[in-house]
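What follows is the residue order along each chain.
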Amino acid sequence: MSKLAQRQKFLTNCDAATQTIHAPILDLAQVNGHLNPAGLGHTAEFSALGSFGQSSVGFENLAAYHQADSTGKAPYGGAEYAIVQSPEAEQVCHKMSALHRGAGAIICPSGLAAITTTLLTFKPTVIAVPDNAYYPLQRFLSWHNQPAQLRPVRYPANAAADELAAILTREATGGTPVEMIYLEAPGSGTFEIPDLAGMIALAKAQGIRTVMDNTWASHVRCQPLALGIDLAIQATTKYEGGYADTPSGVVIAAHADDVARLRRASRVLGIGAVAPRICLRLYHRLDSTAARLERHSSSAAYVMDWLAQQPFVESILCPTLPSSPDHPRFKQYFSGGNSLFSVVFKQTITPQHIAALTDRFNLFRVAESWGSHVSLVLPVAGKREFTPLPPGFILRFHIGLEDPADLLRDLSQATALTM
Ligand SMILES: *Cc1c(COP(=O)(O)O)cnc(C)c1O
């Protein structure tokens, strides 16, 4: 039976919630692999002033133009040069900033752009980074390749504050103090959590700016600025947009002068242009992020319960599990779980077993990114300076909005055939 026929047959026994998610994407080849093909998102217009992503904004005369150029605002309500920030982008920034109780925010065309813009805005000479941070950040740091301008020093993924303190002392003694402490919690792939409160206290005591990538939690599960963080980064590509069709990232700042610096950098770097249509989607979907996270997290807990009992599973990496070494910190900082966990398979399970498993899945798609309505899997690999990955094949799961019983049926038929 072809994969398409196999999937169609499986879906006939699925709940309507699952069927409506997968019906438009039965055959990935037909939709170019897009998990949310065009036309299925919010298409309503946001406002009468809505900009449609044009580059030129017209003025009746030079005086009107000079006035707009000096303020960055056109008399009609938008930007004087429309690539900079559309009214839709401004509204998303206001909403995100309000949700995080910040002084303001900027939006960038991807979560990674939000991260790199933050680094290019504040230009730390030395930055402390956890060794489990989102891989493209690590790639940016090595690609940047000008250690005199931006040198990363790594700390362990689950570091205690005194481990970070030792690093800060070492760097200051070496003559180039750490100027920014970067946090990402829970970290990528393996979800360790460092001593956030201890690190923030340390940073405050030494006057070091703190940045936290809060993509895992979103504003629903954690508000970094309330913990004392200076700058929160959200890859709104993930839970805020929630349907794999909002590539974007937002930086929310606690202090007004940081907002001004970020806005200026966004203009200087030419990366403030996020399509108005994407901003519209985000603006509306922010209202349902909390409801979706409830569904994602309860389904993930249900699927993890089953997986934890399977003989081919060595362990499950997820801080929401009471068995996780990161669970006490999870309880301290986060109000609930999300869709993500990683399964560490027994060492007898080979990459060939995993390939066969993913071939047999009907609902779980192999894809990068996460946070959308569709359930996904992706291998976790890579080298870390302090916290090595556990032995055994590691597969990251994102649990979508399908009926959880259907997801379990898919998992159990695929594992029965291949494990
Ligand atoms: C996905 C992700 C990003 C980047 O988001 P993109 O929009 O894909 O660039 C940043 N940080 C974390 C933790 C992520 O998972």
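These figures come from a predicted structure and were not determined experimentally.

### A word on the overall build of the protein
Here is step 1: A tally of helices and strands in the protein yields 16 helices and 12 strands.
Here is step 2: Taking 22 Å as the expected radius of gyration for a compact globule of 419 residues, we find that the protein reaches 23 Å, a close match to that expectation.
Here is step 3: Taken over 419 residues, the protein has a buried fraction of 54%.
Here is step 4: The long-range share in the protein, meaning contacts at least 24 apart out of those at least 6 apart in sequence, stands at 72%.
Here is step 5: Surface exposure of the protein reaches about 18,000 Å², of which carbon and sulfur atoms provide 55%.

### So, helix α8 (residues 196–206)
Here is step 1: Three or more residues of α8 are buried, namely Leu196, Met199, Ile200, Leu202 and Ala203. Down the axis, α8 shows its buried residues gathered within 160° of arc, on one side only. In this structure, α8 carries Lys204 and Ala205 as exposed residues pointing more than 90 degrees from its buried face.
Here is step 2: Check the buried side of α8 and you find it contacts β3 (151–155), α7 (161–173), β4 (180–184), β5 (209–213), α10 (224–227) and α14 (327–333).
Here is step 3: Just downstream of α8 lies Gly207, where phi reads positive at about 70°.

### Section: the sheet that holds strand β7 (residues 249–253)
Here is step 1: With respect to topology, seven strands assemble into an open sheet ordered β1-β7-β6-β5-β4-β2-β3, the strand pairing being mixed. Looking at which strands have only one partner, the edges of the open sheet turn out to be β1 (104–108) and β3. Between one strand and the next, the sheet's axes are offset by a mean angle of 20°, whatever the strand orientation.
Here is step 2: Two elements, strand β6 (residues 231–234) and β7, share four bridges in a ladder whose sense is antiparallel. Bridging across to β7, Leu231 finds its partner in Ala253.
Here is step 3: Contacts from helix α4 (residues 87–100) reach β1, β6 and β7, with the element oriented near 130° to β1.

### Thoughts on a nonpolar patch on the surface
Here is step 1: Residues Leu120, Val268 and Leu269 make up a contiguous nonpolar surface patch of roughly 240 Å² in combined accessible area.
Here is step 2: Mapped onto the elements, Leu269 comes out in helix α11 (residues 256–269).

### Focus on the layout of surface pockets
Here is step 1: Of the voids in this model, the largest pocket is the one considered here, and its volume is about 970 Å³.
Here is step 2: Taken together, 41 residues line the largest pocket, and the ones lying closest to its centre are Tyr134, Tyr135, Pro136, Ser188 and Arg396.
Here is step 3: For the lining of the largest pocket, the elements supplying multiple residues, two or more each, are α5 (111–122), α6 (135–144) and β11 (376–379).
Here is step 4: Across the lining of the largest pocket, the residue classes break down as 19 nonpolar, 12 polar and 10 charged.

### Quick notes on the confidence of the model for the protein
Here is step 1: Considering every residue of the protein, the mean pLDDT works out to 91; 95% of them sit at 70 or more.
Here is step 2: Contacts for the low-pLDDT stretch residues 39–49, under 50 throughout, to residues beyond four places or in other chains number 16 contacts.

### As for the environment of Tyr182
Here is step 1: Along the chain, Tyr182 falls in strand β4.
Here is step 2: Put simply, Tyr182 and Met212 are 30 residues apart on the chain and 5.9 Å apart in space, counted from C-alpha to C-alpha.
Here is step 3: Apart from the residues within four sequence positions on either side, Tyr182 is in contact with Ile115, Ile127, Ala128, Val129, Pro130, Leu137, Tyr155, Val211 and Asp213.

### What to know about the packing of helix α15 (residues 351–360) against helix α16 (residues 404–418)
Helix packing for two helices is described by the angle between their axes and how far apart those axes are.
Here is step 1: The N-to-C vectors of α15 and α16 enclose an angle of 140°; their axes lie 9 Å apart at closest approach. One finds that α15 runs oblique with respect to α16. The way α15 lies across α16 gives a crossing that is right-handed. On the side of α15, the interface is formed by His353, Ala356, Leu357 and Arg360, while α16 contributes Asp410, Gln413, Ala414, Thr415, Leu417 and Thr418.
Here is step 2: Here the contact of α15 with α16 is built from residues that sort into four nonpolar, four polar and two charged.

### Some points on the nonpolar core
Here is step 1: The biggest cluster of nonpolar side chains holds 47 residues, and the ones touching the most others in it are Ile107, Ile181 and Phe334.
Here is step 2: Tallying contributions element by element places α8 first for this core, with five residues.
Here is step 3: Look past the residues within four positions of Ile107 in its chain and what remains in contact with it is Gln85, Ala89, Val92, Cys93, Ser248, Gly249, Val250, Ile271, Gly272, Val274, Cys279 and Leu282.
Here is step 4: Residues Phe10, Leu307, Val313 and Leu411 belong to the second largest nonpolar core, which totals 30 residues.

Basis of the calculations
Along every chain, residues carry numbers that run from 1 in the direction the sequence is written. Restriction of local features to residues with pLDDT of at least 70 applies here, the model being predicted, together with a cutoff of 80 or more for giving and counting side-chain atom pairs; totals for whole chains, interfaces and linings are based on all residues. The basis for every side-chain value is the complete set of heavy atoms in the structure, and neither hydrogens nor water enter the calculation. What counts as a helix is a DSSP run of H or I of at least four residues, what counts as a strand is a run of E of at least two, and both are numbered from the N terminus. Our radius of gyration is a C-alpha quantity, and the globule rule it is checked against amounts to 2.2 Å times the number of residues to the power 0.38. Between buried and exposed lies partly exposed: a residue is buried under 20% and exposed over 50% of the maximum accessible area for its type, with that area taken using a 1.4 Å probe on protein chains only. Contact between two residues is taken to exist if any of their heavy atoms lie within 4.5 Å; hydrogens are not considered. Here the accessible surface of atoms and residues is derived via Shrake-Rupley with a 1.4 Å probe, and residues count as covered only by protein chains that are part of the display. The directions from the helix axis to the C-beta atoms form the arc being described. One bridge is not enough; two strands pair if DSSP finds at least two bridges between them. Under this scheme, a helix contributes an axis fitted over its contacting stretch, all axes are lines through C-alpha atoms, and angles between N-to-C directions fall in the 0 to 180 degree range. To count toward a patch, a residue needs a relative accessible area over 30% and no salt bridge; like charges are then connected within 9 Å, while nonpolar side chains (Val, Leu, Ile, Met, Phe, Trp, Tyr) are connected within 5 Å. Counted as salt bridges are all cases of a side-chain nitrogen of Lys or Arg within 4 Å of a carboxyl oxygen of Asp or Glu. Put simply, the grid is 1 Å and covers the protein atoms alone, a cavity is a trapped set of points that fit a 1.4 Å probe, a pocket is an open set with protein on both sides within 12 Å along at least five of seven lines, and lining residues have an atom within 4 Å of a point. Grid points are joined across faces, edges and corners, and a volume is the space filled by probe spheres set on the points. Under the scheme applied, nonpolar residues are Ala, Val, Leu, Ile, Met, Phe, Trp, Tyr, Cys and Pro; charged residues are Asp, Glu, Lys and Arg; polar residues are all the others, including Gly. What pLDDT reports is the predictor's confidence in each residue, on a scale of 0 through 100. Roughly parallel covers angles under 35 degrees, roughly antiparallel covers those over 145, roughly perpendicular covers 65 to 115, and oblique covers all other angles. If you view the pair so one helix is near and one far, a crossing is left-handed when the near helix is turned anticlockwise from the far one by less than a right angle, and right-handed when it is turned clockwise. Side-chain atoms within 4.5 Å are what join buried Ala, Val, Leu, Ile, Met, Phe, Trp, Tyr and Cys residues into a set we call a nonpolar core.

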